[in-house]
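One-letter residues, chain by chain:
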Amino acid sequence: MNNDDAIFRRLGTEREVLTVSQLNARARSLLEEVFPRVWVEGELSNLARPSSGHLYFTLKDSGAQVRCALFRQNAARIRMDLRDGLLVQARGRVSLYEGRGDYQMILDSLEPAGDGALRQAFEALKAKLQGEGLFAADGKRPLPTHPTRIGVITSPSGAAVRDIISVFGRRAPFIELVISPTAVQGRDAAPQIVRALERADRAGFDALILARGGGSLEDLWPFNEEMVARAVAACRTPIISAVGHETDVSISDFVADLRAPTPSAAAELLSPDTQAMLAQLQRSHRQLQQCMKVRLTRDSLRLDNLRRRLRHPGERLAQQAQRLDELEMRMQRALHHRLQHRRQRLEHLQGRLQHQHPGRRLALLGERLEQLQLRLPRSMQQRLQQHRQQLGNAAQTLQLVSPLATLSRGYSILLDDRGHAVRSRNDTRPGQKLEARLHDGQLTLRVEEDQPHTLSLLD
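Structural notes, computed from the coordinates. Throughout this document, residue positions are counted from 1 along each chain, in the order its sequence is written. With the structure being a predicted model, the display of local features is reserved for residues of pLDDT at least 70 and the display and counting of side-chain atom pairs for 80 or more, all residues being used for whole-chain, interface and lining totals. Side-chain numbers come from the whole structure's heavy atoms, not from hydrogens or water.

This paragraph deals with the overall build of the chain. Broken down by element type, the chain carries 13 helices and 14 strands. Only C-alpha atoms enter the radius of gyration, while the globule expectation follows 2.2 Å times N to the 0.38, with N the number of residues. The C-alpha atoms of the chain give a radius of gyration of 67 Å, which is well past the 23 Å a tight globule of 459 residues would have. On the principal axes, the C-alpha backbone points of the chain span a range of 185 × 130 × 30 Å. Between buried and exposed lies partly exposed: a residue is buried under 20% and exposed over 50% of the maximum accessible area for its type, with that area taken using a 1.4 Å probe on protein chains only. Going through the 459 residues of the chain one by one, you find that 27% of them count as buried. Only DSSP runs of H or I covering at least 4 residues are called helices, and only runs of E covering at least 2 are called strands; the numbering of each starts at the N terminus.

As structure tokens, then:
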């Protein structure tokens, strides 16, 4: 009995009739048991993105296809741009959708395949380093104008090193070239390139060339490694990246101070043309001669001018002595003028002081006091006369309104025992004593009867 028979015997299919649901359930269990985790490579097609966040698509090759499902929690971890036609590697378990009886894969991971995977990694690293500022133009160092010692980091047996040596030998044989050998292809190439860069950066070169010949993306991949890119960025020595042919672009090209399309072009950028330098030297020599002639002519004219302006020291001293006499006379005039001004100022102040002398002021105050003493009796007499006249007028006015004037005409005033004026007979009672005030004295009265106009006189 083979294994297949054992599997179907374990399912018990020879002894019972299964429903469709039971058949699909047992088939799903069987598939998941036999294929718990498997990698499958194929091309994406029929990609669907429902609102649930799950992804559904078909993986196919030239001869077959299989349905796939990538549920939301796993789909959220996918960072690449999925599209129909993309070659991918999918990992998951083989299962069966019982509702339709469809054979499918339930995926938990999805990666780009082949050259597409390298291209995806290239773009991801490029975006990362660019975000960190490793490609910024303001961080690029200028290349030396006249280098004398250059380090070349490349394979010692490749065509790139021969091209570089040939260009320097033709254009600038006086420049010293030092080869730092390293692998430029394969799994161990990236660490070797990093170590070669670090050694060359410490060696004191005027510039560095990082080079290799052309090849596929996989061949050039060590120059797209993050460790190599960061080693290039960390170099203090100016560096040219010359990796591959003109159409090849690597991460090290973006990080380096300058990119050359080929290794030969990098050598030409750093090797000045000897003939061009000689021609430039001759032009500079002629310009220097011309400048020296112009400078000598100008200095000669200036010397002649200074010679004409130069005078004997005795003449200069005579002029200074005359100037000194003139200054002395000006100083004397200034002193005389200042002294005269101070004298006038002193006389003015003495006049003011004399005018403000205390004796003079006391004499003036004495005269003022005598005048006031003469005026005081007259003023007092006039003031008393005015007050007498005012008092007489006031007495006449008071006499006119005085009650005593009324009493002198025969009238009297009745007062009760409290000194209040009696204004009505209702204010009195029989037996009450009253006081009558006349113009020439007083009388004491007593009320006999309460009758109008009836009064009794007492002794």
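On we go from here.
This brings us to the pairing of strand 1 (residues 38-48). Strands are labelled as partners when DSSP assigns at least two bridges between them. The sheet contact formed by strand 1 and strand 4 (residues 87-97) spans 6 bridges and is antiparallel. Looking at strand 4, one finds that glycine 42 is bridged to valine 88. In this sheet, strand 2 (residues 55-60) lies alongside strand 1 in antiparallel orientation, the contact comprising 4 bridges. What sits directly across from serine 45, in strand 2, is threonine 58. Between strand 1 and strand 2, which follow one another and run antiparallel, lie 6 residues, and glycine 53 among them has a positive phi close to 95 degrees.

Moving on, we come to the sheet that holds strand 5 (residues 102-112). Ordered in space as 1-2-3-5-4, the 5 strands form a closed barrel in which the pairing is mixed. Shown here is a sheet whose adjacent strand axes are inclined to one another by a mean of 55 degrees, direction ignored. Direction of pairing for strand 2 relative to strand 3 (residues 65-70): antiparallel, over a ladder of 6 bridges. Residue pairing across strands places threonine 58 opposite arginine 67, the latter belonging to strand 3. Sheet strands in contact with helix 2 (residues 20-34) are strand 4 and strand 5, and its direction is about 140 degrees off that of strand 4. Here the axes come from fitting lines to C-alpha atoms, over the contacting stretch only for helices, and the angles between their N-to-C directions go from 0 to 180 degrees. Residue contacts are defined here by distance: any two heavy atoms, one from each residue, within 4.5 Å place the two residues in contact.

Right, let's get into the nonpolar core. Counting residues in hydrophobic clusters, the biggest one holds 31 residues, and the most contacted among them are Leu129, Leu197 and Val232. Counting only elements with at least two residues in this core, the list comes to helix 4 (115-131), helix 6 (189-202), strand 8 (207-212), helix 7 (226-234), strand 9 (239-243) and helix 8 (251-255). With 6 residues, the single largest contributor to this core is helix 6. Sequence-distant contacts of valine 232, defined by excluding residues within four places in its chain, comprise Arg141, Leu197, Leu210, Ile239, Val255 and Ala256. Nonpolar cores are built from buried Ala, Val, Leu, Ile, Met, Phe, Trp, Tyr and Cys residues. Side-chain atoms within 4.5 Å join them into one set.

Along the chain, glutamine 344 falls in helix 11 (residues 313-355). When the C-alpha positions of glutamine 344 and glycine 441 are compared, they lie 91 Å apart, and in sequence the two are 97 residues distant.

With that out of the way, let us pick up the packing of helix 5 (residues 159-171) against helix 9 (residues 263-270). Interhelical geometry of helix 5 versus helix 9 gives an angle of 30 degrees and a closest axis separation of 8 Å. Between helix 5 and helix 9, the angle is such that the two are roughly parallel. Like other packed secondary-structure pairs, helix 5 and helix 9 cross with a definite hand, here right-handed. Here Ala160, Asp163, Ile164, Val167, Phe168, Arg170 and Arg171 of helix 5 lie close against helix 9, whose contacting residues are Pro263, Ser264, Ala267, Glu268 and Leu270. For classification, angles of less than 35 degrees are called roughly parallel, those exceeding 145 degrees roughly antiparallel, those between 65 and 115 degrees roughly perpendicular, and all remaining angles oblique. A crossing counts as left-handed when the near helix is turned anticlockwise from the far one by less than a right angle, and as right-handed when that turn is clockwise.

With that settled, consider the sheet that holds strand 6 (residues 149-154). Judged by pairing direction, the sheet is parallel, and its 5 strands sit side by side in the order 7-6-8-9-10 without closing on themselves. If you trace the sheet from one side to the other, it starts and ends with strand 7 (176-181) and strand 10 (258-259), each paired once. Bridge analysis of strand 9 against strand 10 gives 2 bridges, and the strand direction is parallel. Bridge assignment links serine 241 to a residue of strand 10, and that residue is arginine 259. Contacts from helix 5 reach strand 6, strand 7 and strand 8, with the element oriented near 135 degrees to strand 8.

Before going further, it helps to examine a nonpolar patch on the surface. To count toward a patch, a residue needs a relative accessible area above 30% and no salt bridge. Like charges then connect within 9 Å, nonpolar side chains (Val, Leu, Ile, Met, Phe, Trp, Tyr) within 5 Å. Each accessible area is a Shrake-Rupley result for a 1.4 Å probe, and residues are judged covered by the shown protein chains and nothing else. Salt bridge criterion: a side-chain nitrogen from Lys or Arg within 4 Å of a carboxyl oxygen from Asp or Glu. Taken together, the side chains of Leu288, Met292 and Leu296 define a hydrophobic patch exposed on the protein surface, amounting to about 320 Å² of accessible area. Looking at the element boundaries, leucine 288 is found in helix 10 (residues 274-309).

Two quantities define a packed helix pair, namely the angle between the helix axes and the distance between the axes. For the pair helix 6 and helix 7, interaxial distance at closest approach is 9 Å and the crossing angle is 10 degrees. Considered as vectors, helix 6 and helix 7 are oriented roughly parallel to each other. Side by side, helix 6 and helix 7 meet where Ala190, Pro191, Ile193, Val194, Leu197 and Asp201 of the first sit next to Met227, Val228, Ala231, Val232 and Ala234 of the second.

As for its placement among the helices and strands, arginine 28 is situated in helix 2. According to the relative accessible area criterion, arginine 28 is partly exposed, its value standing at 28%. Taking the C-alpha atoms as reference, arginine 28 lies 52 Å from phenylalanine 254; in sequence the two are 226 residues apart. Apart from residues no more than four positions distant in its own chain, arginine 28 is found in contact with Ser95, Leu96 and Glu98.

Pairing of side chains with opposite charge becomes possible as their charged atoms draw close. If you walk through the whole model with that rule in mind, you get 12 salt bridges. A salt bridge links arginine 259 to aspartate 253, with the shortest nitrogen-to-oxygen separation between them at 3.2 Å. According to the relative accessible area criterion, arginine 259 is partly exposed, its value standing at 31%. Through salt bridges with shared partners, a single network forms among Lys128, Glu132, Glu226 and Arg230.

What is shown is where atoms sit, not what they do.
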